[in-house]
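Geometric and topological summary
Given next are the chains, with one letter for each unit.
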Amino acid sequence: MSAEEKLLIIDFGSQVTQLIARRLRELNVYCEIHPYQNVNSAFLREFAPKAVIFSGGPDSVVREGSPRPPSEVYELGVPILGICYGQQTMMQDLGGRVDGGKISGGGGTAEFGRAFVTPNDTLPLLDGWFEDGEEQVWMSHGDHVSHIAPGFDVFGTSPNAPFAITADTTRNFFAVQFHPEVHHTPRGAKLYENFVRLAGFTADWTMGAYREKMIAAIREQVGDKKVICALSGGVDSSVAAILIHEAIGENLTCVFVDHGLLRKDEAAEVTSMFRDNYNLKLIAADESELFLGELDGQSDPETKRKIIGKLFIDVFQKYADQVEGAEFLAQGTLYPDVIESVSFSGGPSVTIKSHHNVGGLPDKMGLKLVEPLRELFKDEVRALGRELGLPDSFIRRHPFPGPGLAIRCPGEITREKLEILREADAVYIDQIRKRGLYDEIWQAYAAILPVRTVGVMGDGRTYDYACALRAVTSVDGMTADYYPFNHEFLSETATRIINEVAGINRVTYDITSKPPGTIEWE
Ligand code: XMP
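Since we're looking at a predicted model, the values are computed, not measured. (Residues numbered from 1 in each chain as written. Predicted model: local features only at pLDDT ≥ 70, side-chain atom pairs only at ≥ 80, totals over all residues. Heavy atoms only, no water.)

**Let's talk about the overall build of the chain**
- Secondary structure assignment for the chain yields 15 helices and 20 strands.
- By its C-alpha atoms, the chain is 85 × 60 × 40 Å across when sized along the principal axes.
- Out of the 522 residues in the chain, the part that is buried amounts to 55%.
- Taken as a whole, the chain presents about 22,900 Å² of accessible surface, with 49% of it coming from carbon and sulfur.
- Of the side-chain charges in the chain, 51 are positive and 74 negative, and the distance between the mean point of each set is 3 Å. (Helix = DSSP H or I, 4+ residues; strand = E, 2+ residues; numbered from the N terminus. Buried < 20%, exposed > 50% of the residue type's maximum accessible area, 1.4 Å probe, protein only. Areas by Shrake-Rupley, 256 points an atom, 1.4 Å probe, with all protein chains shown as cover. Lys, Arg positive; Asp, Glu negative; His and termini not counted. Charge placed at Lys NZ, Arg CZ, Asp CG, Glu CD.)

Right under this line is the structure:
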């Protein structure tokens, strides 16, 4: 399933390990992250990496039983780059010494934040780096190396890290104390570029190559069996469906469930795009009566989410049963989800919101999974979507939650409120598009509030709903800030909504960041 030339990232639990993978993918190098516990000599033989990177990590190498790579990794004869904790374990494993800092009970100097490294000597890893005599780097370590391992020399130092950059040039082992993958090491990508060049990567891992490889892999996995796919209209499931369709054509059936909680014209737009442009077998199931019926009278956010999640599975199963002989279920699982599920540091501990997905389905239905996006990050999925001919406007669409408008209608959901909300949202998004702001904003939507307020229009009194507009900037949806619209935009949009949407007489703008708020209202 994977590229010929692979780089292995051994994860010791750093918060930023994924960024290492991002930097490498940007260089067209295929890599995989594996937690250190899963990496033993058999794994190494099978994986056959062309180079290895040790990530950082929260533990202390001076602690007994702290994480280590298998010793065989040093005998593979391939270049290794150790980062932060990765440097420390490499030094310790190969005969150097690490002293504990304050955090692990030692007296050494901890270092967190910006530092400046200056060169001691030239090194292929550093080609084109120290152009201005020094480089800003990001340090985040409690312990520090006090004696480098035999065979290593020092190539860069910072005021608090005399061994900031070390290398054994005979074996091509490199070890740095700082994090070249983070934003605050502004030119860190150069080090990764040099590392993969000296490791001999041809750097040909492109979306075109991925598409060809995946099509072959899907054909091999599925053979002449049938696949079903829940199409949500989002980018991930759409790209997965189109890719699988390219591989197996007629043997793929997609099910698009209209739960009555979609945006204005959304069901028609999504179904026609897939039927007309891709000739894809599509069951468009209008189940809005069922969903809205079950949601009637429910106002608790979690109850609403659970009802929708359960009904979705029931409904999908009903339609999937009509596809005779289906043996596979396609899912748009992405690489970050895969890493999260194998990560030894564990996922989030508290459920803030139960997310809507089809997670329980494969077991319940006895289906095998086809997950052609498992190796990709979100922006790579977008690139693949473009490669597959999906219109840019579709690829750039803001995220839309599985439970749809239900969680943008706090309190009880009624058909009347949903209609009002659809219209208000359409006007708001139209305003954003007209001003050319859509792509700058990560997500924008209108919510209808469960209060009516008094207003005056013409000479009459109104008593209508209030709506809240939300627009946020974010990188991954985990944290977010509100988008700073100017007042003119806000007042023009409010006026348009009140004039054009019957049922709303007051508009507010939500200026809460996440945390403490969440992006959706429920
Ligand atoms: P919150 O509201 O948790 O949302 O800050 C973060 C991002 O996740 C989306 N979201 C969902 N997506 N199923 C989804 O597929 C869900 O149940 C769900 N709930 C929230 C939300 O739109 C935002 O992009």
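**Some details on the packing of aromatic side chains**
- Under the criterion given, the structure shown has 18 aromatic pairs.
- Look at tryptophan 129 and phenylalanine 130: their rings are 5.0 Å apart centre to centre, the planes differ by 65°, and that puts the pair in the edge-to-face class.
- When the ring of phenylalanine 274 is compared with that of tyrosine 278, the centres are 6.2 Å apart and the planes differ by 35°; the resulting orientation is tilted. You can see phenylalanine 274 and its partner tyrosine 278 sitting in helix α7 (residues 266–278), four residues apart, about one turn around the helix.
- Residue class for phenylalanine 274 comes out buried when judged on its relative accessible area of 0%.
- One aromatic cluster is present, formed by Phe12, Tyr36, Phe54, Tyr74, Tyr85 and Phe173 through successive ring pairs.
- We note arginine 22 situated over the ring of phenylalanine 377; from NZ or CZ to the ring centre the distance is 5.0 Å. (Phe/Tyr/Trp six-rings, centres within 6.5 Å; stacked < 30°, edge-to-face > 60°. Lys NZ or Arg CZ within 6 Å of the ring centre and 35° of its normal.)

**Some words on the sheet that holds strand β2 (residues 30–35)**
- Pairing in this open sheet of nine strands is mixed, and the strands run β2-β1-β3-β4-β11-β10-β9-β6-β7 from one edge to the other. Edge positions in the sheet fall to β2 and β7 (135–141), since each of these pairs with one other strand and no more. For this sheet, the mean inter-axis angle between neighbouring strands, taken without regard to orientation, is 25°.
- Here strand β10 (residues 161–168) pairs with strand β11 (residues 173–176) via four bridges, running antiparallel. Bridge pairing links aspartate 168 to phenylalanine 173 in β11.
- Each of β3 (51–54), β4 (80–83), β7, β10 and β11 is contacted by helix α3 (residues 85–93), which is oriented at about 115° to β4, the strand it contacts most. (Pairing = 2+ DSSP bridges. Axes fitted to C-alpha atoms, helices over the stretch in contact; angles between N-to-C directions. Contact = heavy atoms within 4.5 Å.)

**Some details on the domain arrangement of the chain**
- Domain boundaries assigned for the chain yield domain 1 (7–198), domain 2 (207–395) and domain 3 (414–509).
- Placing the centre of domain 1 and that of domain 3 at their C-alpha centroids yields a distance of 48 Å. (Domains from an automatic or database assignment.)

**Side note on the sheet that holds strand β16 (residues 368–370)**
- Pairing within the open sheet is parallel, and its five strands lie in the order β14-β13-β12-β15-β16. Sheet topology places β14 (281–286) and β16 at the edges, where each strand pairs with a single neighbour. Strand-to-strand twist in this sheet, taken as the mean axis angle between neighbours without regard to direction, amounts to 30°.
- Relative to β16, strand β15 (residues 326–330) is paired through three bridges, and the arrangement is parallel. What sits directly across from alanine 330, in β16, is valine 370.
- On top of the sheet, helix α9 (residues 301–320) reaches β12 (226–230), β13 (252–258), β14 and β15; it is set at about 150° to β12, its chief contact.

**Observations regarding unusual backbone geometry**
- Of note, the amide linkage connecting lysine 514 to proline 515 takes the cis form, showing an omega dihedral of -20°.
- Examined against the element boundaries, proline 515 turns out to sit in the segment after β20 (504–509).
- Across the junction of proline 515 and proline 516, the peptide omega takes the value 10°, indicating a cis bond.
- Examined against the element boundaries, proline 516 turns out to sit in the segment after β20.
- Within the chain, cysteine 84 stands out as a residue other than glycine whose phi angle is a positive 55°.
- The residue cysteine 84 is located in the loop between β4 and α3 in this model.
- A positive phi angle, near 60°, is found at asparagine 172, a position not held by glycine.
- Position of asparagine 172 among the secondary structure elements: in the loop between β10 and β11.
- Looking at asparagine 172, the relative accessible area reads 26%, which means it is partly exposed.

**A few points about the nonpolar core**
- Of all hydrophobic cores here, the largest spans 57 residues; its most connected members are Ile228, Phe316, Tyr428, Ile432, Phe485 and Ile497.
- Considering each element in turn, this core owes the most residues, nine residues, to α9.
- Two domains each provide a minimum of three residues to this core, namely domain 2 (207–395) and domain 3 (414–509).
- Setting aside anything within four residues of it in sequence, one finds isoleucine 432 in contact with Leu437, Tyr438, Ile441, Ala444, Phe485 and Phe489.
- By size, the runner-up hydrophobic cluster in this structure holds 44 residues, among which are Tyr30, Cys229, Phe256 and Phe274. (Core = buried A, V, L, I, M, F, W, Y, C linked by side-chain atoms within 4.5 Å.)

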